[in-house]
Amino acid sequence: MFGTKTVRSRRNILIRWLMLLAALLLLFACDVKDGKEAGEQQIAVVKQEEQPDADSWPETAQSEDGQPLSTLFAEWDGRLVCGNRVLKPGAAFAVSIEDETVACRISLPYDRVANLTLHDLDTLSEQYITGYWSSEYHERHEIRLYQLGLRRGAFELELHFSSWEIGAYELEITDPATGDKRVYRFLRELPFRYEISRPTDTDTAILEKGVRDYLLAGETHAYNVTFSHPVDRASVEVFDFGMEGLEVEYDWHSDQSVTVRLTFDEQAVMEDYDRLDLQFYRARAADGIYRELAESGVLHVQPTRRKSFAFLDPATGTRDPYLKTLISYTRLDRSPSGKYVFAVETTVRESMFVDNYVLLDKAGKRIKTLNMDSPVWLKDEDVLLYRKDRSIMRYDVETGLEEAVWTASAPIEWVYFDYHAPSGRLVVVALRQNAQWELEADLYLYERVTDLHPRVFRGVFHDLEDYELYPEGVAFIDDDRLFIAYRADRDQERRVMDWATGELAALEPADNALPLTRGNLLRHSGGKWEIVSLADGVARPLAVAEPDRYADPYVWYKAVPLSEDWVALVRGGGVQDLLHVPTATVKTVKEQLLAPYPWSGEAAYLIPQQ
């Protein structure tokens, strides 16, 4: 058996050697055939370069199924569609050096391209489509920077630029039937854009920089505009600013540089939130070649008048002038030390009011912009407590340190807070959606803002979820009680929650009710306003100079505590009424008060212009 196995092993080795030799002979024969075909193909290329007449064009240019490639472009009008532009032969297409690819299409009848193969595409690429690159550093030379493909009855030419070199790429497409060449130029260049700047000697008395440029009406304001390419001047001046009482003057220094002067009629300034977008998106290049305007600077300018702001102390009646500015601040709140001022600059974006938060120094100089919502100063500290996304945060202005006070550990719909400065207590209200599609409220009670483990009361109330804005109906009445307002079965419900036990007590029905301070509630019932003490239930009528003006139960929609004795009552048109809680007296002020923040101790106001 061992001898038989050895004979069979030798026989197997011999068979394998013979098979290997046959494979080598077959491979050599294929190479010879390929070389012969390559030679014939090379001869065909030489004939194509000699540009024979159409009648003598080689009939071998055909697809694998027998369809002649020579008739492929018979119905093509020479248009090359690149992006949103249509190029005719001889046209140029600008390509930013920031773009790496350009996709172009050649639209042909479906029956002419349906049966083409990859071999056909290779033939077209090698024999009938040629690219040449030239630049300041490279003489014109042939280079293939494109890929050819088929998609939905069209040839797709995708150009690939791997470097940021400025130059020109010529794409030459030869018609197999006639030998005619169509040339398309792709200009690799810097992006087409513009920059807007102000002269360095701009007087800040007539122009002040905020979230936008505030321009004093009645003055002339100059802006320098520089374009990356020479432009058609008429295309720049055709822009309609769309604002009455505005005169525009163009002072051209060259086809790439112009000074634009704006003069606003002082009588035309109607709204503090009106704005003008200074932009030149209609600019076109002077050479007539279409260029997509790259993202360029847009300045938001607002014609305005001079403004003066001051602070009113309701307890003493003291009026403290603070700032003269062109900026339309809508809220101002001084820090406990007086070194800083938290300011709100309100703008309009797509018909929506947007609050921009800014930190100022005591002289009104802008320090930085802030990303926060519903801020309030902590008692005796230059520290802001605020909401940010779905968290409650604190920000130390002196150190710049930002820390999380409360962060959601599970998905929630909304979160807000109320801070009681006299006691230092904090309540955080997290609204989450339950299985019945209601907003279920969890309350987190902090004895101090820095507490790590607050007390939690879950499911304190359920609110209907059909609001445009999320409700914020929890607020301190004093250091031991919380006022809670919510809707149940479409009816307004009001409760008082005991801070220590979490027990809820229902309040008597009323047309409207607003939480005050020192355990008091402002209530409208029986056609009149009154202050009700929750300690003993005693109701005191509200003392107002003109009772008929305040008969409406919804004349005020919010009460903001300035101190334990003074509360700002917010109307739909702003704040004009200050309530002295101990005497139940409403003080109407002539000044245009800005909406205050809780526990500010004072109210900022806009000094009327003489």
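1. Brief notes about the packing of aromatic side chains
Argument step 1. Per the stated rule, a full pass over the model turns up 16 aromatic pairs.
Argument step 2. Where Phe461 meets Tyr486, the ring centres are 5.1 Å apart and the plane angle is 20°; that geometry is what we call stacked. Separated by 25 residues along the polypeptide, Phe461 in strand β32 (residues 455–464) and Tyr486 in strand β34 (residues 481–488) bring together distant segments of the chain. We note that Phe461, like Tyr486, is buried.
Argument step 3. Feature note: the residues Phe73, Trp76 and Phe155 constitute an aromatic cluster, connected by ring pairs.
Argument step 4. Here the basic side chain of Arg140 rests over the ring of Tyr132, its NZ or CZ set 3.9 Å away from the ring centre.
Argument step 5. The aromatic ring of Tyr597 is capped on one face by Arg331, whose charged end is 3.7 Å from the ring centroid.

2. What about the sheet that holds strand β17 (residues 276–278)?
Argument step 1. What the 4 strands build is an open sheet, ordered β12-β13-β18-β17; its pairing is mixed. Edge strands, defined here as strands with exactly one partner in the open sheet, are β12 (207–209) and β17. Strand-to-strand twist across the sheet, computed as the mean angle between neighbouring axes with direction ignored, equals 30°.
Argument step 2. Relative to strand β13 (residues 213–216), β12 is paired through 3 bridges, and the arrangement is antiparallel. Bridge assignment links Leu207 to a residue of β13, and that residue is Leu215.

3. Points about the nonpolar core
Side chains of nonpolar character tend, in soluble globular proteins, to be buried together.
Argument step 1. Core analysis: the largest hydrophobic core is formed by 32 residues, its most contacted members being Leu80, Phe155, Leu157 and Phe186.
Argument step 2. Core analysis: the next-biggest nonpolar cluster, separate from the first, contains 27 residues, Ala217, Tyr250, Trp252 and Val269 among them.

4. Observations concerning the sheet that holds strand β25 (residues 373–377)
Argument step 1. Across the sheet, which stays open at both edges, the 4 strands sit in the order β25-β26-β27-β28 with antiparallel pairing between neighbours. At either end of the open sheet lies a strand with only one pairing partner, and these are β25 and β28 (402–407). When the angles between neighbouring strand axes are averaged without regard to direction, this sheet yields 25°.
Argument step 2. For β25 and strand β26 (residues 383–388), the ladder comprises 3 bridges, and the chain directions are antiparallel. Considered in β26, the bridge of Val376 is made with Leu385.

5. Points about unusual backbone geometry
Argument step 1. A positive phi angle, near 55°, is found at Ser374, a position not held by glycine.
Argument step 2. Note on placement: Ser374 falls in strand β25.
Argument step 3. Among the residues examined, Ser374 registers a relative accessible area of 30% and is labelled partly exposed.
Argument step 4. Its identity is not glycine, yet Asp389 carries a phi of approximately 60°, on the positive side.
Argument step 5. One can find Asp389 in the loop between β26 and β27 (391–396).

6. Description of the confidence of the model for the protein
Argument step 1. On average, residues of the protein score 84 in pLDDT, and 85% of them are at 70 or above.
Argument step 2. For the protein, per-element mean pLDDT is lowest for helix α1 (residues 2–49), which scores 45, and highest for β27, which scores 97.
Argument step 3. The low-confidence segment residues 1–10, where pLDDT is below 50, has 0 contacts with residues more than four positions distant or belonging to other chains.
Argument step 4. Note on residues 30–66: pLDDT under 50 across the span, and 30 contacts to partners over four residues away in sequence or across chains.

7. Section: the state of the cysteines
Argument step 1. Using the criterion set out here, one finds 1 disulfide in the structure.
Argument step 2. Linked covalently through their sulfurs, Cys82 and Cys104 form a disulfide whose S-S length is 2.1 Å. For the disulfide bridge between Cys82 and Cys104, the dihedral angle about the S-S bond is near 110°, and by the sign convention the bridge is right-handed. Of the two residues, Cys82 sits in strand β1 (residues 80–82) while Cys104 sits in strand β4 (residues 101–107), which places them 22 residues apart along the sequence. The same class applies to Cys82 as to Cys104, namely buried.

8. Brief notes about the pattern of salt bridges
Argument step 1. In total, this model carries 33 salt bridges according to the counting rule given.
Argument step 2. Residues Asp213 and Lys209 are paired through a salt bridge, measuring 3.0 Å at the closest nitrogen-oxygen approach.
Argument step 3. The class of Asp213 is buried, set by a relative accessible area of 0%.
Argument step 4. Lys209 sits in the partly exposed class, given a relative accessible area of 41%.
Argument step 5. We note a salt bridge from Arg523 to Glu508, for which the minimum N-O separation is 3.5 Å. Pair noted here: Arg523 is in strand β38 (residues 520–525) and Glu508 is in the loop between β36 (504–506) and β37 (512–515), with a separation of 15 residues, a long-range link.
Argument step 6. Relative accessible area serves as the criterion here: at 57%, Glu508 is assigned to the exposed category.
Argument step 7. Here the salt bridges share partners, and the residues they tie into one network are Arg425, Glu447, Arg455 and Asp480.

The rules behind these values
- Residues numbered from 1 in each chain as written.
- Predicted model: local features only at pLDDT ≥ 70, side-chain atom pairs only at ≥ 80, totals over all residues.
- Heavy atoms only, no water.
- Phe/Tyr/Trp six-rings, centres within 6.5 Å; stacked < 30°, edge-to-face > 60°.
- Helix = DSSP H or I, 4+ residues; strand = E, 2+ residues; numbered from the N terminus.
- Buried < 20%, exposed > 50% of the residue type's maximum accessible area, 1.4 Å probe, protein only.
- Lys NZ or Arg CZ within 6 Å of the ring centre and 35° of its normal.
- Pairing = 2+ DSSP bridges.
- Axes fitted to C-alpha atoms, helices over the stretch in contact; angles between N-to-C directions.
- Core = buried A, V, L, I, M, F, W, Y, C linked by side-chain atoms within 4.5 Å.
- pLDDT = per-residue confidence, 0-100.
- Contact = heavy atoms within 4.5 Å.
- Disulfide = S-S within 2.5 Å.
- Salt bridge = Lys/Arg side-chain N within 4 Å of Asp/Glu carboxyl O.

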